[in-house]
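A structural walkthrough
These are the residues of each chain, in order.
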Amino acid sequence: QVQLVESGGGLVQAGGSLRLSCAASAIFFRINGMGWYRQAPGKQRELVAIITSGTSTNYADSVKGRFTISRDNAKNTVYLQMNSLKPEDTAVYYCNVRGIGNLAITYDYWGQGTQVTVSS
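Bear in mind that the values here come from a model prediction, so they are computed numbers and not experimental data.

Another aspect to go through is the overall build of the protein. The secondary structure content of the protein amounts to zero helices and 11 strands. Helices and strands in the protein line up, N terminus first, as β-β-β-β-β-β-β-β-β-β-β. Relative to the globule expectation of 14 Å for 120 residues, the C-alpha radius of gyration of the protein, 14 Å, shows essentially globular dimensions. Judged by the C-alpha coordinates and their principal axes, the protein covers about 50 × 30 × 20 Å.

Judged by nonpolar contacts, the single largest core of 31 residues is most densely connected at W36, L80, M82 and Y93. When near neighbours in sequence (up to four residues on either side) are disregarded, M82 contacts G16, S17, L18, L20, R66, F67, Y93 and V116.

Scanning all chains against the criterion turns up one disulfide. Bridging C22 to C95, the disulfide has an S-S length of 2.2 Å. Between C22 and C95, the S-S torsion sits near -85°, and that sign places the bridge as left-handed. Of the two residues, C22 is situated in strand β3 (residues 18-26) and C95 in strand β9 (residues 91-100); the sequence distance between them amounts to 73 residues.

A side chain of one charge can pair with a side chain of the opposite charge if their charged atoms are brought near each other. Overall, the coordinates contain five salt bridges when judged by the stated rule. Of the charged contacts in the structure, one is a salt bridge between R38 and D89, with a shortest N-O distance of 3.0 Å. With R38 in strand β4 (residues 30-39) and D89 in the loop between β8 (77-82) and β9, the pair connects residues that are 51 residues apart, well separated along the chain. Of the residues examined, R38 reaches a relative accessible area of 6% and is grouped as buried. Residue D89 is classed as buried on the basis of its relative accessible area, which comes to 1%. With its nearest N and O atoms 2.9 Å apart, the salt bridge here joins R98 to D108. A residue pair is termed long-range when its members are at least 10 positions apart, and R98 in strand β9 and D108 in strand β10 (residues 106-110) qualify at 10 residues. For D108, a relative accessible area of 34% gives the class partly exposed.

To continue, consider the side chain of R38. At 2.8 Å, the side chain of R38 and the side chain of E46 are in polar contact. Among the polar contacts made by the side chain of R38, one reaches the side chain of Y93 at a distance of 2.9 Å. Not counting residues within four places of it along the chain, the set of residues in contact with R38 comprises Q44, R45, E46, V48, S62, V63, F67, E88, D89, A91, V92 and Y93.

Rules and cut-offs
Residues numbered from 1 in each chain as written. Predicted model: local features only at pLDDT ≥ 70, side-chain atom pairs only at ≥ 80, totals over all residues. Heavy atoms only, no water. Helix = DSSP H or I, 4+ residues; strand = E, 2+ residues; numbered from the N terminus. Rg over C-alpha atoms; globule rule 2.2 N^0.38 Å. Core = buried A, V, L, I, M, F, W, Y, C linked by side-chain atoms within 4.5 Å. Buried < 20%, exposed > 50% of the residue type's maximum accessible area, 1.4 Å probe, protein only. Contact = heavy atoms within 4.5 Å. Disulfide = S-S within 2.5 Å. Salt bridge = Lys/Arg side-chain N within 4 Å of Asp/Glu carboxyl O. Polar contact = N/O pair within 3.5 Å; in protein donor to acceptor, adjacent residues only side chain to side chain.

Dropping the structure here:
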């Protein structure tokens, strides 16, 4: 029903910036919320930022003021602009979409993940 393709990860020095993109292709599925999660080796996956179909956003405390999530509904694409990157931001970043599918059931879909590495 939904296919997600992530891009934009890479290696950057502390204080630098990266922009992640996630493009969704959906059939018989209405996308509501879109967001970004991250997971470092040996750690739990954690929420980074989410955005609804409207304008509501929410950020993890650790990234507030540094990261910005945005969305292009016409393209079904969500972005994560990451500025002032720190070594502790190093992780695999996963795109997530939530929406309504068959029989009005809510489903979650995940992207393949993109590596972000921040050197000190």
